Amino acid sequence: MAAGTGNLEYHLPAEAYKYLYLSTLHGSEADHLKKVFPNATCFQYDYLNDDVEYLFNKEKLPFAPNWKLPKKLRDELADPSITWLVHINPPFATAQVGGAKGESKKGVSKTKVEILMDNEETGHVKRELFAQFMFRIVHELPKKTYLGMFSKLKYLNAPDSIEYRDKFFNYKFKKGFLFKSTTFHGVKGKYPIGYLIWNLSKPRESKSVEIDIANEEAQTIGVKHLRLIEKEDVLNNWFERPQNSKDFILPPLSNGITVKHCNADTRHRARPDFLGSLCSNGNDFQHAKYVVILSSPNASAGAFSVIKENFEKALTLHAVKKIPKQTWLNDRNQFLIPHTEPSKEFLNDCIVWSLFSGSNETTALKNVSYLGNTYQIKNNFFPFKIEKVKRWEIKDADFRQQLTKDENRYVANWLSKNVFSAEAQEVLEKAEAVYKLFYASLNHMATHKWKIETWDAGWYQIRRCLAEHNLATDELKELSKANETLAAKILPQIEEYGFLDKDEVFDEA
């Protein structure tokens, strides 16, 4: 099925053709197959729609089926003595109602198999076309079948696919290899594609699989260890997300300073003890790029309120997801609840790193209009106490006046009560030099562009404003270097504590 022009079968010996069944969606391709593979059974067929009602409802039909599947194939499928080998490269598109979106391919729509999967409550994996092929294959093929399939790996370890994997694809892994997606012509995204072989006559024997890693010359360069996780294992379940109030709202932001007014789903709920929001809408590297800290609710899905009770774990989650670098090989790796309780030093290191990372988009915003009301958004992540800031040179009389009437922010108080490693302390010292220069340069910068109107300006505002005016260049570089050193200290501990399963070391040269 999904044979296309028969690329996967070109190297089969001619004597195998009489045992070969090839179907493809397009009639012109079926005609081509008949010429290239004489004596094989080649036919045009829509595997996700044709004959589905007959195959899945044999005992309920009030009429004789009008099969599109060749009779010879149906007869042999009914022969229990035959062992079947399914060799397939199904499309990786995501089915959508009414057309394509995101990774979807143009013209992909809801299939009959997807409707059946929906009735079986297989979860979001029902929208993946390769999973739909799998669903019909395991239903239609006899027990004595081996499935060799090119596919993404999400059906093995993505949280949304776990129920499907355990209930509908609980089979024994034999062997396989994976390679970079861009090996396929026309593929732009970089992620692993596996060719995995499954014995559909035996149940799964292990909670992990080991898959050979192949380079573009088809040479084995390493082994990928893939843990088949459970839903409760993922990092987003490490701590309970706090319940927001129905009545307490704050303007939703799409970045540090932009209010999202037009969302149909407003996502503006917060709570009186709200410190900020952290977006963490997925558990794999693919979604890590969306992890961000804001001073008001995030307008995107997956964000939760940071409060004092979850502050340390929330910022640790942020660092754990942002510090490891995404590669084509780890793109679908899942972040996990640690198997060992992290040390206080590790937590503190992660928090300090997060405070001065590029994904900390916290800000202070004055007189924000939203739904007919005006809001003042404090920067609860301002890292220095007012007593210290007052001693700095501040080239803005209004800011100096504000400091006499305000109170320390949450993070400044938290930092003053904790002890830090030498690497984290170095970051804090370099950060103080940057902040001092910022306040000493206020009269040389167009602060209005970054909506800087209060003394507790956020790291998002400070670094961007300084960079735009080519100020504190050396100090920003020194801070970045110190934070990179801190990240290098944190990185190996992420795996040691179990936030990531053991990764692969291999030579891609």
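About the thresholds
Residues numbered from 1 in each chain as written. Predicted model: local features only at pLDDT ≥ 70, side-chain atom pairs only at ≥ 80, totals over all residues. Heavy atoms only, no water. Helix = DSSP H or I, 4+ residues; strand = E, 2+ residues; numbered from the N terminus. Buried < 20%, exposed > 50% of the residue type's maximum accessible area, 1.4 Å probe, protein only. Polar contact = N/O pair within 3.5 Å; in protein donor to acceptor, adjacent residues only side chain to side chain. Contact = heavy atoms within 4.5 Å. Pairing = 2+ DSSP bridges. Axes fitted to C-alpha atoms, helices over the stretch in contact; angles between N-to-C directions. pLDDT = per-residue confidence, 0-100. Parallel < 35°, antiparallel > 145°, perpendicular 65-115°, else oblique. Left-handed = near helix turned anticlockwise from the far one by under 90°. Nonpolar A, V, L, I, M, F, W, Y, C, P; charged D, E, K, R; others polar. Expected span 1.5 Å × (residues − 1).

Our next topic: the side chain of Glu 432. Looking at where Glu 432 falls in the secondary structure, it is placed in helix H14 (residues 422-440). Owing to a relative accessible area of 18%, Glu 432 belongs among the buried residues under this scheme. At 3.3 Å, the side chain of Glu 432 and the side chain of Lys 388 are in polar contact. Each residue touching Glu 432, except ones within four places of it in the same chain, is listed here: Phe 384, Lys 388 and Trp 392.

The subject of this paragraph is the sheet that holds strand S6 (residues 192-199). An order of S3-S4-S6-S5-S7-S8 is seen for the six strands of this open sheet, with the pairing classed as mixed. The open sheet has two free edges, formed respectively by strand S3 (84-88) and strand S8 (220-227), since each of these has just one partner strand. Direction aside, neighbouring strands of the sheet carry axes that sit 20° apart on average. In this structure, strand S4 (residues 145-151) lies alongside S6, joined through six bridges in antiparallel fashion. When the sheet's bridge partners are listed, Leu 147 is paired in S6 with Trp 198.

The subject of this paragraph is the confidence of the model for the protein. When pLDDT drops low, the exact placement of atoms in the prediction is not to be read closely. With 96% of its residues at a pLDDT of 70 or more, the protein has an overall mean of 92. For residues 97-104, every residue scores under 50 in pLDDT, and the model assigns this stretch 12 contacts once sequence neighbours within four places are set aside.

With that settled, the discussion passes to the packing of helix H10 (residues 344-355) against helix H16 (residues 473-496). One way to put it is that H10 packs onto H16 with a least axis distance of 10 Å and a crossing angle of 135°. With respect to their mutual orientation, H10 and H16 come out oblique. Regarding H10 and H16, the two cross each other, and that crossing is left-handed. Only Asn 483, Leu 486, Ala 487, Lys 489, Ile 490, Gln 493 and Ile 494 of H16 make contact with H10, whose side of the interface consists of Glu 345, Phe 346, Asp 349, Cys 350, Val 352 and Trp 353. Each residue belonging to the contact of H10 with H16 can be placed in one class, and the counts come to eight nonpolar, two polar and three charged.

Next up on the list: H10. The end-to-end C-alpha distance of H10 is 17 Å, a good match for the 16 Å that 12 residues give at a rise of 1.5 Å each. Residues of H10 that are buried include every one of Phe 346, Leu 347, Asn 348, Asp 349, Cys 350, Ile 351, Val 352, Trp 353, Ser 354 and Leu 355, and no others. Buried residues along H10 sit in contact with strand S10 (292-294), helix H9 (311-322), helix H13 (410-416), H14, helix H15 (459-468) and H16.

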